[in-house]
Amino acid sequence: MRSTLLSGGVLLLGPEVGGTPVVPLPVASAQFVRGLSDHLDLRVRYDTVALVAHRVGLELRMTVARRGGWSFALGVEPSALFFALPYQGAFLGGDFSTEVTAMVTRRWTSAALTLLVGPTVQWAMYGQGGGKLLVDTRPSFAYLDVGARLEWNRGPGATMMVGLDLCVPLGDDPLRFMGVLPRATIGWSWSR
């Protein structure tokens with residue numbers, strides 16, 4: 001099985017970033033899925049926030065158990081983030097991180113609800129400060145993602161999705177790009 005998921009929405013930028021008020025920023029995502037077996041798939045994902053932050057990741061997702069309309073899956077996604085903020089020239093930075101996600105899904109005839117939770121470990125972060133590049137290679141738990149997705153069939157091989165995520169920061173690192181509040185998305189997927 002192969003499928004493509006395209007989604008867009010808004011992310012709320014928290015007030016702790018530069019003393020700004022809560023600001024909605026546009027987000028977009030593309031995900032390409034290749035089924036490797038009945039229980040294992042490989043996903044390539046690209047996310048962008050306001051076209052200034054870009055994350056590329058590769059996820060291996062395994063369905064651990066299925067029973068009735070319920071399923072439980074685990075995903076591991078190493079990724080890289082790069083951002084360039086137009087602030088007094090350009091402020092550049094990013095990270096290398098890994099997210100481990102647990103997902104519980106309840107499926108009905110034409111709809112599915114997925115709840116997910118996953119901590120992210122940042123292995124390295126980099127950014128500009130005082131005119132020089134700062135690099136922090138201490139591994140740390142950066143944030144915890146908690147989310148929900150509701151999907152329903154829109155015809156053969158087509159699905160619509162709405163999602164709500166909450167990204168909870170777990171540390172107080174000066175190189176952290178955003179204090180993230182809720183993120184709402186809507187998307188469509190096609191499979192063959």
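Before any of the text, the structure's been laid out above.
A short note on a nonpolar patch on the surface
Side chains of L6, W108, L113, L115, L150, V162, I186, W188 and W190 sit close together on the surface and give an oily, nonpolar patch of about 800 Å² of accessible area. At the level of elements, β7 (111–129) and β11 (180–191) are the ones that each hand at least two residues to the nonpolar patch. When you line up the elements, I186 lands in strand β11.

Looking at unusual backbone geometry
The phi angle at A50 is positive, at roughly 50°, despite the residue not being glycine. Residue placement: A50 occurs in the loop between β3 (40–49) and β4 (53–67). One non-glycine residue, L51, lies in the positive phi region at around 60°. Summarising the element assignment, L51 is placed in the loop between β3 and β4. Its relative accessible area of 66% is what places L51 among the exposed residues.

Side note on the nonpolar core
In this structure, L11, L25, V27, V49, A53, L81 and F83 together form the largest nonpolar core, which totals seven residues. Listed by contribution, the elements that provide at least two residues to this core are β2 (23–35) and β5 (70–85). Ignoring anything within four residues of it in the chain, the contact list for V27 reads S7, G8, G9, V10, L11, T48, V49, R183 and T185.

Thresholds, definitions, all that
- Residues numbered from 1 in each chain as written.
- Predicted model: local features only at pLDDT ≥ 70, side-chain atom pairs only at ≥ 80, totals over all residues.
- Heavy atoms only, no water.
- Patch = residues over 30% accessible without salt bridge, like charges linked within 9 Å, V, L, I, M, F, W, Y side chains within 5 Å.
- Areas by Shrake-Rupley, 256 points an atom, 1.4 Å probe, with all protein chains shown as cover.
- Salt bridge = Lys/Arg side-chain N within 4 Å of Asp/Glu carboxyl O.
- Helix = DSSP H or I, 4+ residues; strand = E, 2+ residues; numbered from the N terminus.
- Buried < 20%, exposed > 50% of the residue type's maximum accessible area, 1.4 Å probe, protein only.
- Core = buried A, V, L, I, M, F, W, Y, C linked by side-chain atoms within 4.5 Å.
- Contact = heavy atoms within 4.5 Å.

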